[in-house]
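# Inside the fold
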Amino acid sequence: IKGEEGIFADAVDYRNVPVFAATRYIPEAKLGIVVKIDQAEALLPAKKLQELFLFLIAMTGFFIILVGILISRSITDPIRRLIMMANKIAGGDLSQNVKITTRDEIGSLGRAFNAMTTELKMFYGTLEQKVKSRTRDLENAQMASQNILEDLDIEKLKLELAKAKDEAILASIGDGVVGIDKEGIVIVINQAGCKLLGFASSELLGKKF
């Protein structure tokens, strides 16, 4: 009405509702035109865009977290399986074998793990054969030793019998008998010989006649 023009961003209409308003003056008609729109209605597309933007941020964050979890599990799960298999192998179970599905570092580690398991199987198989062979050798050596000991016992018994026989023969002879070796050392003497010479056998044996 006053011929003033302007834009109002904080106006309130007759309903006491916040609005955006603009005025224009028409000189020919001496009239003023006022155009308004509720702020809630005007900002609705921006609010929807903001909500959509927040939703996209939330979904993007969710997918990033999900992808991160999947990637971490794809890395940690094979390592965890390798650790479990290593513990079983350490317990003596050599039947473990890693299923290789990738060509990355984890796959290389799995192939090295399988190669190690194969070598351990071969090593333990060879070691077992060596142990069995060594056991047989020891058993044979033990049997041979027993046979040798038995032979030695028999020879010892024969020597003892021969010695007892000689001693019995010497003791039965009434005359004094002294036996010496080629060096003149007394090696045998009977009681009659000791009585004749006047010495005990311990004083004569091993001495020069």
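All values derive from a computational prediction rather than experimental measurement.

Rules of the game
- Each residue is numbered by its place in its chain's sequence as written, counting from 1.
- Residues qualify for local features only when their pLDDT is at least 70, as the model is predicted, and side-chain atom pairs are given and counted only at 80 or more; totals for whole chains, interfaces and linings, by contrast, use all residues.
- As a convention, hydrogens and water are excluded, and side-chain values are obtained from all of the structure's heavy atoms.
- Numbering goes from the N terminus for both helices and strands, where a helix is a DSSP run of H or I of at least four residues and a strand is a run of E of at least two.
- Radius of gyration means the value over C-alpha atoms here, while the globule rule gives 2.2 Å times the residue count to the 0.38 power.
- Exposed residues in this analysis have more than 50% of their type's maximum accessible area, buried residues have under 20%, and partly exposed residues fall in between, with area computed by a 1.4 Å probe over protein chains only.
- Contacts are residue-level and defined by heavy atoms, with any inter-residue pair within 4.5 Å sufficient.
- Any two strands are treated as partners once DSSP identifies two or more bridges connecting them.
- To obtain an axis, a line is fitted to C-alpha atoms, over the contacting stretch when the element is a helix, and the angle between two such axes runs from 0 to 180 degrees between their N-to-C directions.
- Every helix has an expected span of 1.5 Å times one less than the residues it contains.
- Patch rule: a residue counts if its relative accessible area is over 30% and it has no salt bridge; like charges are joined within 9 Å, and nonpolar side chains (Val, Leu, Ile, Met, Phe, Trp, Tyr) within 5 Å.
- All accessible areas in this document rest on Shrake-Rupley with a 1.4 Å probe, and a residue is counted as covered only by the protein chains that are shown.
- Note on definitions: salt bridges are taken to be side-chain nitrogens of Lys or Arg within 4 Å of carboxyl oxygens of Asp or Glu.
- Note: pLDDT gives the predictor's confidence per residue, expressed from 0 to 100.

Turning our attention to the overall build of the chain. Looking only at helices and strands, the chain has 5 helices and 5 strands in total. Starting at the N terminus and walking to the C terminus, you meet the elements of the chain as β-β-β-α-α-α-β-β-α-α. Its C-alpha atoms give the chain a radius of gyration of 58 Å, clearly above 17 Å, the size a compact globule of 209 residues would have. On the principal axes, the C-alpha backbone points of the chain span a range of 185 × 35 × 30 Å. Here the chain holds 209 residues, and 15% of them are scored as buried. In the chain, 17% of the contacts between residues at least 6 apart in sequence involve partners at least 24 apart.

On to the sheet that holds strand 2 (residues 18–26), then. Overall, antiparallel pairing links the 3 strands, which are arranged 1-2-3 in an open sheet. Looking at the sheet topology across the chains shown, the edges are occupied by strand 1 (6–12) and strand 3 (31–38). The mean angle between the axes of side-by-side strands here comes to 25°, regardless of whether they run parallel or antiparallel.

Here we come to helix 2 (residues 44–90). Count 3.6 residues to each turn of an α-helix, and residues three or four apart come out pointing the same way. Between the first and last C-alpha of helix 2 there are 67 Å, a value that for 47 residues agrees with the 69 Å anticipated at 1.5 Å per step. Of all the positions in helix 2, only D77, P78, L82, M85 and I89 are classed as buried. After helix 2 finishes, the residue G92 shows a positive phi value of roughly 105°.

Here the focus is the side chain of Q39. In this fold, Q39 is placed in helix 1 (residues 39–42). Residue Q39 is classed as buried on the basis of its relative accessible area of 19%. Once you skip the residues sitting within four places of it in the chain, Q39 turns out to touch A9, D10, P18, V19 and F20.

Further remarks concern a nonpolar patch on the surface. The grouping of V178, I180, L196, L197, F199 and F209 at the surface amounts to a nonpolar patch, some 610 Å² of accessible area in total. Among the elements of the structure, strand 4 (178–180) and helix 4 (191–197) are those that each provide at least two residues to the nonpolar patch. Given a relative accessible area of 67%, L196 falls into the exposed group.

Here we take up the confidence of the model for the chain. Overall, the prediction assigns the chain a mean pLDDT of 82, with 95% of residues at 70 or greater. Within the chain, the element-level pLDDT minimum falls on helix 3 (residues 105–172), averaging 77, and the maximum on strand 2, averaging 90.

Per the stated rule, a full pass over the model turns up 3 salt bridges. With its nearest N and O atoms 2.8 Å apart, the salt bridge here joins D13 to R15. Look at R15 and you get partly exposed, because its relative accessible area is 38%. For the salt bridge of D38 with R15, the shortest nitrogen-to-oxygen distance reads 2.5 Å. Linking D38 in strand 3 with R15 in the loop between strand 1 and strand 2, this pair joins segments that are 23 residues apart in sequence. Within this structure, D13, R15, K36 and D38 form a network of salt bridges that share partners.

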